[in-house]
Amino acid sequence: ADRSVQVKLVLLGEAAVGKSSVVLRFVSNEFQPNKEPTIGAAFLTQKCRLEDRVLRYEIWDTAGQERFHSLAPMYYRNAQAAVVVYDVTKASSLEKAKTWVKELQRQANPNIVIALAGNKIDLVQPSPSSSSSISSPDTEDEADDATATPGESGAEAEGENLRQVPRDEAEAYAQEAGLLFFETSAKTGEGIVEIFTEIAKKIPID
Ligand code: GTP
Ligand code: MG
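Residues numbered from 1 in each chain as written. Chains lettered and ligands numbered in written order. Predicted model: local features only at pLDDT ≥ 70, side-chain atom pairs only at ≥ 80, totals over all residues. Heavy atoms only, no water.

*Asks:* Account for the overall build of the protein, naming residues and giving values.
*Replies:* Within the protein one finds seven helices and six strands. From first element to last, N terminus to C terminus, the protein shows the α and β order β-α-β-β-α-β-α-β-α-α-α-β-α. Counting all 206 residues of the protein, 43% fall into the buried class. Considering only intrachain contacts with a sequence separation of at least 6, the fraction spanning at least 24 residues in the protein is 73%. (Helix = DSSP H or I, 4+ residues; strand = E, 2+ residues; numbered from the N terminus. Buried < 20%, exposed > 50% of the residue type's maximum accessible area, 1.4 Å probe, protein only. Contact = heavy atoms within 4.5 Å.)

Set out below in structure tokens:
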């Protein structure tokens, strides 16, 4: 018999923040640069292995476009977990995430485990070749000059400028609201498995 526990999980968040991409990365370890908007919702499943048990996630990936908002309660009703996604390059998407969290805390299962995920972190990170935070602070001017891409301002050179939501700010909000917190990239895979693993650890064994 299949001893794995089923866990119903819903993804919510503003349109185009990357909900479907986060799920695609988790379920298939793939990324599609031009993913089409979700209509209504999509349903996917994926197992998640912990040291002592296996969970089977039943995932409802909802549509972020405003015209679909009224459908959301059908998907978060009875959900044991929710991932509320925002885009670190779009401040308004964190505000939208906060309204989803409020709605969940009012209307969903009172024991629901909620994770907040700041996605598209790849767009705000320096390129892998540039100096890490480990380098000594007194070399910062030279380090920047040495690693910046010469010529046109490329994506790497813009880097941190694209960030509209400081990590500290979102993390402080998450802590205050009692949420798990992650910064993620569906594109590179950073932080994606962690969301689902950390949620799994918080789902009570029954
Ligand atoms: P709706 O279904 O309309 O609510 O959108 P969604 O939240 O499911 O967003 P979706 O996954 O469709 O992604 C929207 C766009 O952002 C697509 O072009 C994705 O390829 C892109 N995208 C998603 N995640 C990332 C990421 O981590 N990094 C980058 N650079 N782009 C991403
Ligand atoms: Mg989608």
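Moving on from the model shown.
*Asks:* Hey, could you go over the coordination of the magnesium ion (ligand 2) for me, with residue numbers and the actual values?
*Replies:* Only Ser20 (OG) and Thr38 (OG1) from the protein reach the magnesium ion (ligand 2) as donors, at distances of 2.1 Å. Of this pair, Ser20 sits in helix α1 (residues 19-28) while Thr38 sits in the loop between α1 and β2 (41-49), and the two are 18 residues apart along the sequence. On the accessibility criterion, Thr38 (16% relative accessible area) is buried. (Donors = N, O, S within 2.8 Å, 3.2 Å for Na, K, Ca; no water.)

*Asks:* How would you explain the site of ligand 1 if you had to name every residue and give the values?
*Replies:* Taken together, 24 residues form the shell around ligand 1, and within it Lys19, Ser21, Thr38, Gly64 and Asp122 come nearest. One of the backbone N or O atoms of Gln32 is found 2.9 Å from an oxygen atom in ligand 1. Contact distances for ligand 1 include 2.8 Å between an oxygen atom and a backbone N or O atom of Pro33. Alone, ligand 1 offers 650 Å² of accessible surface; in the complex the protein occludes 90% of this. When residues in the shell around ligand 1 are grouped by element, the largest group, three residues, is from α1. Its residues assigned to classes, the shell around ligand 1 comprises nine nonpolar, eight polar and seven charged. (Near = heavy atom within 4 Å. Polar contact = N/O pair within 3.5 Å; in protein donor to acceptor, adjacent residues only side chain to side chain. Areas by Shrake-Rupley, 256 points an atom, 1.4 Å probe, with all protein chains shown as cover. Nonpolar A, V, L, I, M, F, W, Y, C, P; charged D, E, K, R; others polar.)

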